[in-house]
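Given next are the chains, with one letter for each unit.
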Amino acid sequence: MTSLENPLSNIGSSSDTGDTASNESSTVTNVLSFDLEHWYTATLIRDEVSAPTDRLEESVRVVRELLSAHDTRATFFVVGEVATEYPDVIRELAADGHEIATHGHTHTPLFDLTPNEFESELSDSADAIADAIGSRPVGFRAPNFSVTPKTQWAFDVLSESDLQYDSSVFPVRTPMYGVSSAPVRPYCVDSREPFSAGAYTGSDLVEFPLATFHPVLRIPTAGGFYARLQPTWLLKRGIRNLNRRGIPATLYFHPWEFNSEIATTEVSAHKRFISFRGSDTLGEKLEALLAAFEFGTVERVIENRGW
Ligand SMILES: [Zn+2]
């Protein structure tokens with residue numbers, strides 16, 4: 001495939017040098033994204049938490065301050081119900097220059113939805129976001145990365161709903177999600193073979209897979225639990241492994257992960273470890289990544305290629 005056939009094949013330009021300098025991969029703009037939901041609706045713990053304290057506004061404030069200190073814009077995948085409940089929070093994010101995309105309306109994984117129900121989730125969340133900021137989202141991320149071969153009908157629903165991109169495919173294998181053979185580079189989705197970057201079909205829907213440590217060694221490094229657990233140098237190496245091949249790293253976090261007040265004793269020790277371990281140092285890690293690499297919204301990465 002040539003770059004003419006696939007305009008995304010050259011996203012960012014490749015750099016094979018500069019292993020140690022800071023800003024070494026500044027020619028590649030990486031994607032920084034946050035999934036904005038209530039901390040207690042995370043799939044792993046949602047059934048175990050009763051009467052939770054709402055921490056959404058304070059968590060978002062922490063993240064907004066961090067991003068504005070580094071003059072960085074991010075994409076926020078917002079749950080529609082959250083946009084309805086906190087329109088001012090969404091407006092402030094948009095006013096800061098961040099992109100508002102959708103994370104579904106009720107934070108239900110696609111495994112538990114029919115195609116029709118998914119279509120309603122998209123339209124309800126788009127309405128809620130439009131009510132808050134006056135424009136409809138063009139991007140989607142599935143709760144729990146639940147776009148897999150089992151739910152690949154989602155791509156047709158996304159296209160029919162006028163979404164321009166998806167960022168739900170985790171090209172790794174885990175017990176809960178993942179498509180281990182999916183591309184690690186953004187690609188145009190052919191709905192007949194949606195996990196293959198084969199022939200460019202002129203499809204309008206672009207997939208931004210979540211970052212792995214290496215195109216071949218597919219350890220997840222994209223964010224969340226993985227970023228909280230891994231040391232900063234390892235996260236940097238993973239981003240560099242992609243950037244030097246011209247591949248933007250798509251990272252994801254949740255604002256509640258930056259709020260170490262949240263760790264609840266209501267859930268089991270195992271789930272607490274996965275959900276909250278490393279929250280106290282995640283802000284420092286993200287700041288180190290923002291200082292070393294270029295980050296922006298999904299929209300900006302697409303626009304840079306003329307999309
Ligand atoms: Zn989520």
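What you see is a predicted model, and the numbers here were worked out from it, not measured in a lab. (Residues numbered from 1 in each chain as written. Predicted model: local features only at pLDDT ≥ 70, side-chain atom pairs only at ≥ 80, totals over all residues.)

Engineer: Is there a simple way to explain the overall build of the protein chain in this structure?
Structural biologist: Each helix and strand in the protein chain was counted, giving ten helices and nine strands. A total of 307 residues make up the protein chain; the buried ones form 46% of that total. The long-range share in the protein chain, meaning contacts at least 24 apart out of those at least 6 apart in sequence, stands at 75%. (Helix = DSSP H or I, 4+ residues; strand = E, 2+ residues; numbered from the N terminus. Buried ≥ 20, exposed ≤ 12 C-beta atoms within 10 Å, placed from the backbone. Contact = placed C-beta atoms within 7 Å.)

Engineer: Hey, could you run me through unusual backbone geometry in this one?
Structural biologist: Generally, phi is negative for residues other than glycine and the peptide bonds are trans, each holding for most cases. Look at Phe 145: it is not a glycine, yet its phi comes out positive at around 50°. Among the structural elements, Phe 145 can be located in the loop between strand E4 (139–140) and helix H5 (154–160). Backbone geometry places Asp 162, a non-glycine residue, at a positive phi of 65°.

Engineer: Help me understand the packing of helix H7 (residues 232–243) against helix H9 (residues 279–292), please; the structure alone is not making it clear to me.
Structural biologist: A packed helix pair is summarised by two numbers, namely the angle formed by the two axes and the spacing between the axes. Running from N to C, H7 and H9 cross one another at 40°; their axes reach a closest spacing of 10 Å. Crossing of H7 over H9 shows right-handed handedness. Facing H7, whose interface residues are Thr 232, Leu 235 and Lys 236, H9 presents Lys 285, Ala 288, Leu 289 and Ala 292. Tallied by class, residues from the contact of H7 with H9 come to four nonpolar, one polar and two charged. (Axes fitted to C-alpha atoms, helices over the stretch in contact; angles between N-to-C directions. Left-handed = near helix turned anticlockwise from the far one by under 90°. Nonpolar A, V, L, I, M, F, W, Y, C, P; charged D, E, K, R; others polar.)

Engineer: Even after reading the chapter, I still don't get the nonpolar core, so can you show me in this structure?
Structural biologist: The nonpolar side chains of soluble globular proteins are, as a tendency, buried together. In this structure, Phe 76, Val 78, Ile 90, Ile 129 and Leu 251 are the most contacted members of the largest nonpolar core, which totals 75 residues. Per-element tally for this core: the top contributor is helix H4 (residues 115–133), with six residues. When sequence neighbours within four positions are dropped, the list of residues in contact with Phe 76 reads Phe 34, Leu 36, Leu 93, His 98, Glu 99, Ile 100 and Ala 101. (Core = buried A, V, L, I, M, F, W, Y, C linked by C-beta atoms within 7 Å.)

Engineer: How should I be thinking about the pairing of strand E1 (residues 29–36) in this particular structure?
Structural biologist: Where a strand is regular, its side chains alternate between the two sheet faces. Extensive coverage of E1 is indicated by the burial of eight of its eight residues. Judged by which residues are buried, E1 turns out to be covered on both faces: Thr 29, Val 31, Ser 33 and Asp 35 on one side and Asn 30, Leu 32, Phe 34 and Leu 36 on the other are all buried. The sheet contact formed by E1 and strand E8 (residues 250–253) spans four bridges and is parallel. Its bridge partner lying in E8, Leu 32 is registered against Leu 251. Where E1 lies against strand E2 (residues 75–78), four bridges are found, and the strand directions are parallel. Bridge pairing links Leu 36 to Val 78 in E2. (Pairing = 2+ DSSP bridges.)

Engineer: How should H7 be read in this particular structure?
Structural biologist: Since one α-helical turn is 3.6 residues long, residues separated by three or four positions face the same way. In this model H7 runs 16 Å from its N-terminal to its C-terminal C-alpha over twelve residues, within 8% of the 16 Å that 1.5 Å per residue would give. Looking at the packing, one finds that the buried side of H7 touches E1, helix H6 (224–229) and H9. (Expected span 1.5 Å × (residues − 1).)

Engineer: What should I look at first to understand H9 in this one?
Structural biologist: Here H9 spans 21 Å end to end across 14 residues, near enough to the 20 Å set by a 1.5 Å rise per residue. Turning to H9, its buried residues number three or more, namely Leu 282, Leu 286 and Leu 289. All buried residues of H9 project into a common sector of 60° when viewed along the axis, lining one side. In H9, the exposed residues that point more than 90 degrees away from the buried face are Thr 281, Glu 284 and Ala 291. Contacts from the buried residues of H9 go to helix H1 (56–69), H6, H7 and E8. (Arc of directions from axis to C-beta.)

Engineer: I tried to follow the confidence of the model for the protein chain on my own but got confused; where do I start?
Structural biologist: Considering every residue of the protein chain, the mean pLDDT works out to 85; 79% of them sit at 70 or more. Residue range residues 1–7 is modelled with pLDDT below 50. Its contacts to residues more than four positions away, or to other chains, number eleven contacts. (pLDDT = per-residue confidence, 0-100.)

Engineer: Can you help me understand the packing of helix H3 (residues 87–95) against H4 in this one?
Structural biologist: One way to put it is that H3 packs onto H4 with a least axis distance of 8 Å and a crossing angle of 70°. On the basis of their axis angle, the class for H3 and H4 is roughly perpendicular. Residue-level inspection shows Pro 87, Ile 90, Arg 91 and Ala 94 of H3 in contact with H4, the latter providing Ile 129, Asp 131, Ala 132 and Ile 133. Partitioned by chemical class, the residues of the contact of H3 with H4 number six nonpolar, no polar and two charged. (Parallel < 35°, antiparallel > 145°, perpendicular 65-115°, else oblique.)

Engineer: Can you help me understand the environment of Trp 256 in this one?
Structural biologist: Its place among the elements puts Trp 256 in the loop between E8 and helix H8 (269–276). Its 28 C-beta neighbours within 10 Å are what place Trp 256 among the buried residues.

Engineer: Quick question: what am I supposed to make of the pairing of strand E3 (residues 99–102) here?
Structural biologist: Side chains of E3 alternate between two faces, with Glu 99 and Ala 101 and Ile 100 and Thr 102 buried alike. For E2 and E3, the ladder comprises four bridges, and the chain directions are parallel. Residue pairing for E3: Phe 76 is matched across the bridge by Ile 100.

Engineer: Looking at this structure, I do not really get the environment of Ser 123. What am I missing?
Structural biologist: Among the structural elements, Ser 123 can be located in helix H4. The partly exposed category is assigned to Ser 123, around which 15 C-beta atoms lie within 10 Å. On a C-alpha basis, the gap between Ser 123 and Arg 136 in space is 9.5 Å, while along the polypeptide they are 13 residues apart.

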